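Examination of the molecular architecture
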Amino acid sequence: MIVSETVHRQIESASWIRRMFEEGIRLKAERGAEKIFDFTLGNPTEDPPEKVQAALRKLVETNAPGSHSYMPNAGFPAVRRTLAESLKRDTGLPFTENHILMTVGCAGAMNTVFKAMLNPGEEVIVPMPFFPDYQFYIANFSGKMVPVETTEEFDLDVAAIESKITPRTRAIILNSPNNPSGVIYSEKVLRELDLVLERANHPIIVISDEPYKSFVYEGAACPETSSIISNCVIATSWSKTWSIPGERIGYLAISPRMPEADALYQACTFTNRILGFINAPAIWQLATAEAPDALPDLALYSEKRDLLCDGLARADLRGTWVSVCRTG
Ligand SMILES: Cc1ncc(COP(=O)(O)O)c(C=O)c1O
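So, here is what we can say about the structure in this document.

Conventions used here
Residues numbered from 1 in each chain as written. Predicted model: local features only at pLDDT ≥ 70, side-chain atom pairs only at ≥ 80, totals over all residues. Heavy atoms only, no water. Helix = DSSP H or I, 4+ residues; strand = E, 2+ residues; numbered from the N terminus. Rg over C-alpha atoms; globule rule 2.2 N^0.38 Å. Buried < 20%, exposed > 50% of the residue type's maximum accessible area, 1.4 Å probe, protein only. Contact = heavy atoms within 4.5 Å. Areas by Shrake-Rupley, 256 points an atom, 1.4 Å probe, with all protein chains shown as cover. Lys, Arg positive; Asp, Glu negative; His and termini not counted. Charge placed at Lys NZ, Arg CZ, Asp CG, Glu CD. Near = heavy atom within 4 Å. Polar contact = N/O pair within 3.5 Å; in protein donor to acceptor, adjacent residues only side chain to side chain. Nonpolar A, V, L, I, M, F, W, Y, C, P; charged D, E, K, R; others polar. Axes fitted to C-alpha atoms, helices over the stretch in contact; angles between N-to-C directions. Left-handed = near helix turned anticlockwise from the far one by under 90°. Core = buried A, V, L, I, M, F, W, Y, C linked by side-chain atoms within 4.5 Å. Patch = residues over 30% accessible without salt bridge, like charges linked within 9 Å, V, L, I, M, F, W, Y side chains within 5 Å. Salt bridge = Lys/Arg side-chain N within 4 Å of Asp/Glu carboxyl O. Parallel < 35°, antiparallel > 145°, perpendicular 65-115°, else oblique.

This part covers the overall build of the protein. For the protein, the count of helices and strands is twelve helices and seven strands. Whereas a compact globule of 328 residues would reach a radius of gyration of roughly 20 Å, the protein reaches 20 Å, a difference of no more than 12%. Considered along the principal axes of its C-alpha atoms, the protein spans approximately 55 × 55 × 50 Å. Taking all 328 residues of the protein together, the buried fraction comes to 46%. Contacts in the protein between residues at least 24 apart in sequence constitute 74% of all its contacts with a sequence separation of at least 6. For the protein, the exposed area adds up to about 16800 Å²; of that, 55% sits on carbon and sulfur atoms. Both charge centroids of the protein, one from 32 positive and one from 41 negative side chains, sit 3 Å from each other.

Rendered as structure tokens:
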């Protein structure tokens, strides 16, 4: 067989979302795009914010310096400086350009940090339900994913996490707001987790996967995980915030509170290169610095969210949903 046994097995277990996406394309052609609602890959339906489109137009029209070039593997220093300033305002932590690494989306960010930190057989704890591709990102570097139960409400169960910690535990992935449950982890539960991690006999890093940070509704606020958890790396992207998942732009931010932040940053800069990413897309790096605070129009999402939530509530599927999530 030309395909490795591992990848063959992974394709078998992971192909159903892609198959549904392909089926969606077929059905749209057969029945009309307006009749098919595709919830498979998380392709945003809205256009990128006008501010973002204007920034990109300006960069193209002026043929902005560097927009098609290589740059330092970590990304343009000026862009990283701008993002560090914005993160500093959000978290209160002294982020600088030397904590920010521009990446090929959030998936690129996660693969880059796992490549930099995981030794074969080391474990990554992942609260359920989770974005299914985590298992592959961890397996890419011979790590072992350790799923952990959450509460009835899909909130973190800190005692359950503590019970899964072994001498081989290197990291925990937190994704808040969570895909797929939508749950936001509270400051209280994050503080409890930080205490557990402080008690562990060795450093355990929280990888905070934050691509949905801007998507909060009804006055809710999403606590900054890195402000609460000492040993934290943020992985994020503009894929959802700006409706640009195909452009592949994101970043890793290594918390200045982490004792070995600089060593991990240097390692990630190297692994971003040797994984073949080399650097994040140049013109999109520049665009992020042009419009660092552009946000999605939440009113549009809110309307759809209400429609879907009301429909699900009427259909009374909660039991079914919970059992699907619990079994992965
Ligand atoms: C929870 C979560 N993390 C990471 C990703 C990957 O994001 P990106 O497309 O920016 O690589 C996704 C994409 O849907 C996601 O839902």
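In the vicinity of the ligand lie 14 residues, with N179, D209, Y212, S239 and R248 positioned nearest. A107 places a main-chain nitrogen or oxygen 2.8 Å from an oxygen atom of the ligand. Within the side chain of S239, an N or O atom sits 2.6 Å from an oxygen atom of the ligand. About the coverage of the ligand: the protein hides 93% of its 400 Å² of free accessible area. Here the element with the most residues in the shell around the ligand is helix α4 (residues 105–117); it accounts for three residues. Among the residues making up the shell around the ligand, the classes are represented as six nonpolar, five polar and three charged.

One can describe the packing of α4 onto helix α9 (residues 261–274) by two numbers: an axis separation of 8 Å at closest approach and a directional angle of 115 degrees. In the crossing of α4 with α9, the sense of the turn from one axis to the other is right-handed. Contact residues: T112, V113, K115, A116 and M117 in α4; L264, A267, C268, T271, N272 and I274 in α9. Looking at the contact of α4 with α9 residue by residue, the class counts come to seven nonpolar, three polar and one charged.

This part covers the nonpolar core. Ranked by internal contacts, the top residues of the largest apolar core, which has 31 residues, are F114, I173, I207, V233 and L264. Among the secondary structure elements, those contributing two or more residues to this core are α4, β2 (123–127), α5 (134–139), β4 (169–175), β5 (205–209), β6 (232–237), β7 (250–254) and α9. Broken down by element, this core gets its largest block of residues, six residues, from α4. Not counting residues up to four positions away in its chain, the partners in contact with V233 are V113, I205, V206, I207, S208, L252, A253, I254, M258 and L264. Core analysis: the second largest hydrophobic core is formed by 28 residues, W238, W242, L286 and A291 among them.

Where nonpolar side chains cluster on the molecular surface, the patch consists of M1, I2, V3, V7 and I11 and spans about 540 Å² of accessible area. Note on placement: V3 falls in the segment before α1 (5–31).

What follows concerns the packing of helix α2 (residues 50–61) against helix α10 (residues 282–290). For the pair α2 and α10, the least separation of the axes is 9 Å and the interaxial angle reads 125 degrees. The orientation of α2 relative to α10 falls into the category oblique. Crossing of α2 against α10: the hand is right-handed. Each of V52, A55, L56, K58, L59 and V60 in α2 lies in contact with α10, whose residues at this interface are I283, W284, L286, A287 and E290. Looking at the contact of α2 with α10, its residues break down into nine nonpolar, no polar and two charged.

All right, on to the pattern of salt bridges then. Scanning all chains against the criterion turns up 18 salt bridges. Note that D90 and K213 form a salt bridge whose closest N and O atoms lie 3.5 Å from each other. Of this pair, D90 sits in helix α3 (residues 77–91) while K213 sits in the loop between β5 and α8 (225–228), and the two are 123 residues apart along the sequence. The exposure class of D90 is partly exposed, given its relative accessible area of 40%. We classify K213 as partly exposed; its relative accessible area is 24%. Between R199 and E162 there is a salt bridge whose closest N-O contact spans 3.2 Å. Linking R199 in helix α7 (residues 187–199) with E162 in helix α6 (residues 158–164), this pair joins segments that are 37 residues apart in sequence. With relative accessibility at 33%, the residue E162 sits in the partly exposed group. One network of salt bridges, in which partners are shared, links E23, R26, E30 and R31.

By themselves these figures say nothing about function.
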